[in-house]
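So the chains spell out like this:
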Amino acid sequence: MIERAVDFERLRWMRCGTCSNEWRAHAEWLSRFHQGHERCPKCGTNCEAERRPDFWAAQDDPSHDDSTVLDTFWYHTTTHANWPDRAFNPTANLTDVTKRRLQAIGADGRGLERWAARQKAKALHLGTYEAAIENMLRRMTDQDGVDERFYLYRVRLRRDASLEPGVHPERADMMGDVQLAELGEAGIDILRYVNTHEDPSSVSLAVRFEAILAVQVIPIPLPVTRADAWVSTAAARLLDAAARPAPEPKTRLERMQRHRPSALSIEASKLEEEVADTLPFGIRDRFHRLYNEKNLTAEPAAFPSKLVGLAALVNDPRAVFEFLETVPWRGVAPLRAG
Ligand SMILES: [Zn+2]
């Protein structure tokens, strides 16, 4: 089996939608490009054009080769402890607030039901280790998942799984979701696509249950030792901040804000910045608002441990792979076709 080398600072492969020029770009260039300060080096198209340059799978990406795809370990992160599970209930982990919000969509009171049906119809998504970790960080900040327990899955595909030829562009709608029925109707188990959101320009897979042979699972982030010096200092800083009142507003804008950040949340944001500074440039933005203020006060040492644990997933993936080596594989029962 092939284990790819992890590299969160990989150069990204770009392709111009206007002139088809292809090139590699680093994270700083991409940041300037997305602000409109860089252009296609050949035809000058910038990020505002409809046919703009976008991430594309490198010509030498090994995932162009079918048997390499089947021989490679793939990754997935989720809050589900028993994935993949055909019988899973997508609403089981939702908070009451989220349930009510989904319920209200569509005004007929069946929003939650429709959402659940959509989740169950989705293909399973697998990607590189980096893509799986970035996906978890995005879910933590964008989708109220900040205090949920996440699991990392390492996946082996079946040798006889069938692949749709070629690497396809990511779907522009619904965060790139592919439906199980689409794959089933096309008679394929695996569809390759360019991931433009996580580990951008890497190849990810939309797969049917039938494509998965076995999985290993570990809870992430890995535990951090209580003796970590930065963690204990950071916990003391949070405790100290929790005892202080919110700072007085200084500017007119700050005086107009109804909800001023507490001294505690300001300190927590500073901790996030300190940890983010140890990470590759392209992933630093993900380390933002990873806390829930209520839990910060309840257990101040838990947040710095979590930050250190999350950063270690990026900076020290070797520890993750060593842990995975100790975990047994669970076979995913071959299910009837259809
Ligand atoms: Zn161009």
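Predicted model only: the values in this text are computed from it and were never measured. (Residues numbered from 1 in each chain as written. Predicted model: local features only at pLDDT ≥ 70, side-chain atom pairs only at ≥ 80, totals over all residues. Heavy atoms only, no water.)

## Focus on the nonpolar core
Operational definition: Take the buried Ala, Val, Leu, Ile, Met, Phe, Trp, Tyr and Cys residues and link them wherever side-chain atoms come within 4.5 Å; each set so joined is a nonpolar core. Burial here depends on accessible area, computed with a 1.4 Å probe over protein chains only, as a share of the maximum for the residue type. Under 20% is buried, over 50% is exposed, and the range in between is partly exposed. Start and end positions for the domains come from either an automated domain assignment or a database one.
Ranked by internal contacts, the top residues of the largest apolar core, which has 39 residues, are Tyr 129, Ile 133, Leu 152 and Phe 287. Two domains each donate at least three residues to this core, and these are domain 1 (62–220) and domain 2 (229–314). With 32 residues, the next largest nonpolar core counts Tyr 153, Leu 157, Val 207 and Val 215 among its residues.

## So, the domain arrangement of the protein chain
The line we're drawing: Throughout, a residue-residue contact means that at least one pair of heavy atoms, one from each residue, lies within 4.5 Å. Buried area: the accessible surface (1.4 Å probe) lost by two parts on joining, summed over both. What counts as a salt bridge is simple: a side-chain nitrogen of Lys or Arg found within 4 Å of a carboxyl oxygen of Asp or Glu.
Structurally, the protein chain comprises domain 1 (62–220) and domain 2 (229–314). Relative placement of domain 1 and domain 2: their C-alpha centres are 30 Å apart. With 13 residues of domain 1 at the interface, the matching set in domain 2 holds 13 residues. Together, the buried faces of domain 1 and domain 2 total about 1100 Å²; carbon and sulfur atoms form 65% of this surface. In this assembly, domain 1 and domain 2 are joined by 1 salt bridge. In this structure, Arg 286 and Glu 134 form a salt bridge, with 3.9 Å as the shortest nitrogen-oxygen distance.

## Considerations on the packing of aromatic side chains
Basically, it comes down to this: Paired rings are identified among Phe, Tyr and Trp, the last through its six-membered ring, by centres lying within 6.5 Å, and are further divided according to the angle between planes into stacked (under 30 degrees), edge-to-face (over 60) and tilted (the rest). Strands are runs of DSSP state E lasting at least 2 residues, helices are runs of H or I lasting at least 4, and numbering of each runs from the N terminus. In this scheme, Lys NZ or Arg CZ marks a charge over a ring once it lies within 6 Å of the ring centre and within 35 degrees of the ring normal.
For the structure shown, the criterion picks out 9 aromatic pairs. Here Tyr 129 and Phe 321 contribute two aromatic rings whose centre-to-centre distance is 5.3 Å and whose plane-to-plane angle is 45°, an arrangement assigned as tilted. Here Tyr 129, found in helix H5 (residues 129–142), pairs with Phe 321, found in helix H12 (residues 317–325); they are 192 residues apart in sequence, far enough to count as distant. Pair check on accessibility: Tyr 129 and Phe 321 agree, each one buried. Among the aromatic residues, those joined into a ring-pair cluster are Phe 8, Tyr 75, Tyr 129 and Phe 321. Note that Arg 4 overlies the ring of Trp 74, its terminal NZ or CZ placed 4.4 Å from the centroid. Over the ring of Trp 329 we find Arg 156, and its NZ or CZ is 6.0 Å from the ring centre.

## Some thoughts on the packing of helix H9 (residues 263–276) against helix H11 (residues 302–315)
Each packed pair of helices is defined by two parameters, the angle between the axes and the distance between the axes. Counted only if it meets this: Orientation is described by lines fitted to C-alpha atoms, with helices fitted over the stretch in contact, and by angles between N-to-C directions that extend from 0 to 180 degrees. Every angle not falling under 35 degrees, over 145, or within 65 to 115 is termed oblique; those three ranges are roughly parallel, roughly antiparallel and roughly perpendicular. Should the near helix be turned anticlockwise from the far one by less than a right angle, the crossing is termed left-handed; should it be turned clockwise, right-handed. Lys, Arg, Asp and Glu make up the charged group, whereas Ala, Val, Leu, Ile, Met, Phe, Trp, Tyr, Cys and Pro make up the nonpolar group; the residues left over, Gly among them, are polar.
Where H9 meets H11, the closest approach of the two axes is 10 Å, and the angle between their N-to-C directions is 20°. Taken together, the axis directions place H9 and H11 in an arrangement best described as roughly parallel. Along this stretch, H9 crosses H11, giving a crossing that reads as right-handed. Here Ala 268, Leu 271, Glu 272 and Val 275 of H9 lie close against H11, whose contacting residues are Phe 303, Leu 307 and Ala 311. Class assignment of the residues belonging to the contact of H9 with H11 gives a composition of 6 nonpolar, no polar and 1 charged.

## A word on the coordination of the zinc ion
What counts is decided by this rule: Listed donors are limited to N, O and S atoms within 2.8 Å of the metal, widened to 3.2 Å for Na, K and Ca; water is not among them, so incomplete-looking sites are possible. Only two sets of limits are used to name each site, 85 to 135 degrees for every angle of a tetrahedral four-donor site, and over 155 degrees for opposite donors with all other angles from 65 to 115 for a square planar four-donor or octahedral six-donor site, with any other site named irregular.
Distances from the zinc ion to its protein donors, namely Cys 16 (SG), Cys 19 (SG), Cys 40 (SG) and Cys 43 (SG), fall within the range 2.3 to 2.4 Å. Considering all 4 donor atoms around the zinc ion, angles at the metal cover 106 to 113° and the coordination shape is tetrahedral. In primary-sequence terms, the residues that donate to the zinc ion follow C-x2-C-x20-C-x2-C. Here Cys 19 is found in the loop between strand E1 (12–15) and strand E2 (22–25), whereas its partner Cys 43 is found in the loop between helix H1 (27–34) and strand E3 (54–55), with 24 residues between them in sequence. Residue class for Cys 43 comes out partly exposed when judged on its relative accessible area of 36%.

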